[in-house]
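Read off the chains here:
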Amino acid sequence: MSGTTHTQSLVAVVMAGGRGTRFWPRSRNARPKQFLAIVGTETLLHQTVRRLDGHVAPERIFVVTTEDLAAETRRMLPELPPENVIVEPEGRNTAPCLALALVQIERKFPQGVMAVLSADHWIGDRELFLEDLDTAVKHAAWERELVTFGIKPTYPETGYGYIESEGHGPVQKVVAFREKPPVEVAVQYLESGRHYWNAGMFVWTLADFREGLLKHAPEVLAPLDAWVKAGADPVALAAAYRHLPKVAIDVALMEKAETVAVVPTRFRWSDVGSWPAAIEFQETDAEGNVSQGETLLLDTRNSAFFGGRRLIAASGVDDLIVVDDDDALLICHRDRAQTVKQIVERLKAEGREDLL
């Protein structure tokens, strides 16, 4: 089989049901992270789909999201057939999400090779990304292995899972998936040259994905197979979904599978997981400040101001993040940006749906 044939068999699945609560107050229930233009002028969702332009036909690109986001997702992506926006009745983590995509897509493209992408990640170097994607597609089709992508770590990150590999070259054997490590272990991973950040992107044939789920996580697939056999009534999907466990695809399948390979990526990647990560993509002034919108800064250093309709003025502050939205204002220390998620949880506990 030629590389062209593999490319023609490619089906892309974009997971787009996340919320991105660490980007509050910009991210809300109806305006999640993937709907925001955090890096550049296009939303992260647009960037993810446009990255495939000319490489994957629109009818072979699918987006999985939740019911409350489906209409806006279809509106934002008019180039995709409306039925290619696959709707989960509720979010139950990535294994059910991808199993639902499997049972719907295999009816249309039974010989397909599925590439799993996230709607809220940033990827630089589009050409390198497409080349690495093709490498993974060819390996998945030829060797019939499950393939993941490994990001070469640039610092000892403790917030990511890691992939341990052996071998050399563009595709390597996965030895183990490692949990998020303490910092001293992350330093060892960084120095080993054999550990990669787990970006949660995968490639496999639909047939091998089905076989893997049947073997290692039948509880994820069986209710959906029964739903399809009964006629795949959209209304009945909610009942089938309630029987599915809330489990990540890494835990349900990848950590158990015997034949898993990793493509060490050459493109730049970020999960843009919090406001400090977004700051890395912005230009700074001489004092290290980032400004979006109108600002007036006096004796202010290493701070970031994401403005709205009004002027933000700051004097004599260091290492702050300020995000101004229509109905809420966030002020936090750069080192405390991960606690924004706790603010959202507190608002939820207090019943402040108007701010969520």
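Cut-offs and rules
- Residues numbered from 1 in each chain as written.
- Predicted model: local features only at pLDDT ≥ 70, side-chain atom pairs only at ≥ 80, totals over all residues.
- Heavy atoms only, no water.
- Helix = DSSP H or I, 4+ residues; strand = E, 2+ residues; numbered from the N terminus.
- Rg over C-alpha atoms; globule rule 2.2 N^0.38 Å.
- Buried < 20%, exposed > 50% of the residue type's maximum accessible area, 1.4 Å probe, protein only.
- Contact = heavy atoms within 4.5 Å.
- Areas by Shrake-Rupley, 256 points an atom, 1.4 Å probe, with all protein chains shown as cover.
- Polar contact = N/O pair within 3.5 Å; in protein donor to acceptor, adjacent residues only side chain to side chain.
- Pairing = 2+ DSSP bridges.
- Right-handed = clockwise from strand over helix to strand, strands pointing away.
- UniProt positions renumbered as here; feature names shortened; annotations may be inferred.
- 1 Å grid on protein atoms, 1.4 Å probe; cavity = no way out; pocket = protein on both sides within 12 Å on 5 of 7 lines; lining within 4 Å.
- Points joined across faces, edges and corners; volume = space filled by probe spheres on them.
- Nonpolar A, V, L, I, M, F, W, Y, C, P; charged D, E, K, R; others polar.
- Phe/Tyr/Trp six-rings, centres within 6.5 Å; stacked < 30°, edge-to-face > 60°.
- Salt bridge = Lys/Arg side-chain N within 4 Å of Asp/Glu carboxyl O.
- Core = buried A, V, L, I, M, F, W, Y, C linked by side-chain atoms within 4.5 Å.

Engineer: Give me the lowdown on the overall build of the chain, citing residues and values where you can.
Structural biologist: The helix and strand tally for the chain stands at 12 helices and 17 strands. Whereas a compact globule of 356 residues would reach a radius of gyration of roughly 21 Å, the chain reaches 21 Å, a difference of no more than 12%. For the chain, the spread of C-alpha atoms along the principal axes amounts to about 60 × 50 × 35 Å. For the chain, the proportion of its 356 residues judged to be buried stands at 53%. The long-range share in the chain, meaning contacts at least 24 apart out of those at least 6 apart in sequence, stands at 67%. Per element, the accessible surface of the chain, about 16,400 Å² overall, is 50% carbon and sulfur.

Engineer: Before we move on, could you go through the side chain of Arg-28 and cite the residues and values that matter?
Structural biologist: As for its position among the elements, Arg-28 is in the loop between strand S1 (10–15) and helix H2 (44–50). Classification of Arg-28 by relative accessible area gives buried; the value is 12%. Side-chain polar atoms of Arg-28 contact the side chain of Asp-327, separated by 2.7 Å. Residues contacting Arg-28, with those up to four places away along its chain left out, are Asp-325, Asp-327, Ala-328, Asp-354, Leu-355 and Leu-356.

Engineer: Please set out the pairing of strand S3 (residues 85–88) residue by residue, giving values where relevant.
Structural biologist: In terms of strand pairing, strand S2 (residues 61–66) meets S3 through 4 bridges, oriented parallel. Residue pairing for S3: Val-63 is matched across the bridge by Val-85. Note on the crossover from S2 through helix H3 (residues 67–76) to S3: the handedness is right-handed.

Engineer: Account for the UniProt feature "domain: Nucleotidyl transferase" (unreviewed entry) in the chain, with residues named and values stated.
Structural biologist: Under the UniProt annotation, "domain: Nucleotidyl transferase" (unreviewed entry) lies at residues 12–286. Structurally, residues 12–286 comprises 36% helix and 21% strand, and the distance from its first C-alpha atom to its last is 42 Å.

Engineer: Explain the layout of surface pockets residue by residue, including any values.
Structural biologist: In this model, the second largest pocket occupies a volume close to 250 Å³. For the second largest pocket, the lining is made up of 16 residues, of which Val-87, Gln-104, Trp-227, Pro-234 and Leu-237 are closest to its centre. Where the lining of the second largest pocket is concerned, the elements lending two or more residues are H3, S3 and helix H9 (234–241). Here the residues of the lining of the second largest pocket sort into 10 nonpolar, 1 polar and 5 charged.

Engineer: Describe the packing of aromatic side chains, and please don't skip the residues or the numbers.
Structural biologist: For any pair of aromatic rings, the description consists of the separation of the ring centres together with the inter-plane angle of the planes. Summed over the entire model, instances satisfying the criterion amount to 12 aromatic pairs. Geometrically, the ring pair formed by Trp-197 and Trp-269 is tilted, given 6.4 Å between the ring centres and 55° between the ring planes. Placement of Trp-197 in strand S9 (residues 195–205) and of Trp-269 in strand S11 (residues 269–270) is noted, with a sequence separation of 72 residues between them. Exposure class is identical for Trp-197 and Trp-269. Each is buried. Ring centres of Trp-275 and Phe-306 lie 4.6 Å apart, and the angle between their planes is 40°; on these two criteria the pair is classed as tilted. Placement of Trp-275 in helix H11 (residues 275–279) and of Phe-306 in strand S14 (residues 304–306) is noted, with a sequence separation of 31 residues between them. The buried category is assigned to Trp-275, whose relative accessible area is 3%. Residue classification places Phe-306 among the buried positions, given a relative accessible area of 2%. Taken together, the aromatic side chains of Tyr-155, Tyr-160, Trp-197 and Trp-269 make up a single cluster linked through ring pairs.

Engineer: Please give an account of the UniProt feature "domain: MannoseP isomerase/GMP-like beta-helix" (unreviewed entry) in the chain that cites residues and values.
Structural biologist: Taken from the UniProt record, the annotation "domain: MannoseP isomerase/GMP-like beta-helix" (unreviewed entry) applies to residues 293–347. The span residues 293–347 carries 15% helix and 38% strand; its end-to-end C-alpha distance comes to 26 Å.

Engineer: Can you explain the environment of His-243? Please cite residues and give values.
Structural biologist: Counting through the fold element by element, His-243 comes out in the loop between H9 and helix H10 (249–254). Along the primary structure His-243 and Val-220 are separated by 23 residues, whereas in three dimensions their C-alpha atoms are 8.4 Å apart. Those residues in contact with His-243, other than ones at most four positions away along the chain, are Glu-219 and Pro-223.

Engineer: Please set out the pattern of salt bridges residue by residue, giving values where relevant.
Structural biologist: If you walk through the whole model with that rule in mind, you get 25 salt bridges. Note that Asp-325 is salt-bridged to Arg-28, the shortest N-O span being 3.3 Å. With Asp-325 in the loop between strand S16 (320–324) and strand S17 (329–333) and Arg-28 in the loop between S1 and H2, this residue pair connects regions lying 297 residues apart in the sequence. The same class applies to Asp-325 as to Arg-28, namely buried. Note that Arg-50 is salt-bridged to Glu-79, the shortest N-O span being 3.4 Å. Pair noted here: Arg-50 is in helix H2 and Glu-79 is in the loop between H3 and S3, with a separation of 29 residues, a long-range link.

Engineer: Help me get a handle on the nonpolar core, residues and values and all.
Structural biologist: Ranked by size, the top nonpolar core spans 45 residues in total, and within it Leu-98, Ile-105, Trp-204, Phe-209, Leu-213 and Ile-249 carry the most contacts. If one sorts the elements of this core by residue count, helix H4 (residues 94–105) sits on top with 9 residues. Not counting the four nearest positions on each side in its chain, Phe-209 is found in contact with Leu-98, Ala-99, Leu-102, Met-114, Trp-204, Ile-249 and Leu-253. Within the second largest apolar cluster, 41 residues are counted, among which are Val-14, Val-56, Val-147 and Trp-269.

Engineer: Describe unusual backbone geometry, and please don't skip the residues or the numbers.
Structural biologist: The omega torsion of the bond from Trp-24 to Pro-25 falls at 10°, within 30 degrees of zero and hence cis. Counting through the fold element by element, Pro-25 comes out in the loop between S1 and H2. Despite not being glycine, Arg-144 shows a phi value in the positive range, around 55°. One can find Arg-144 in the loop between helix H5 (126–143) and strand S6 (146–151). The residue Asn-302 is not glycine, and still its phi comes out positive at about 50°. Its place among the elements puts Asn-302 in the loop between strand S13 (295–298) and S14.

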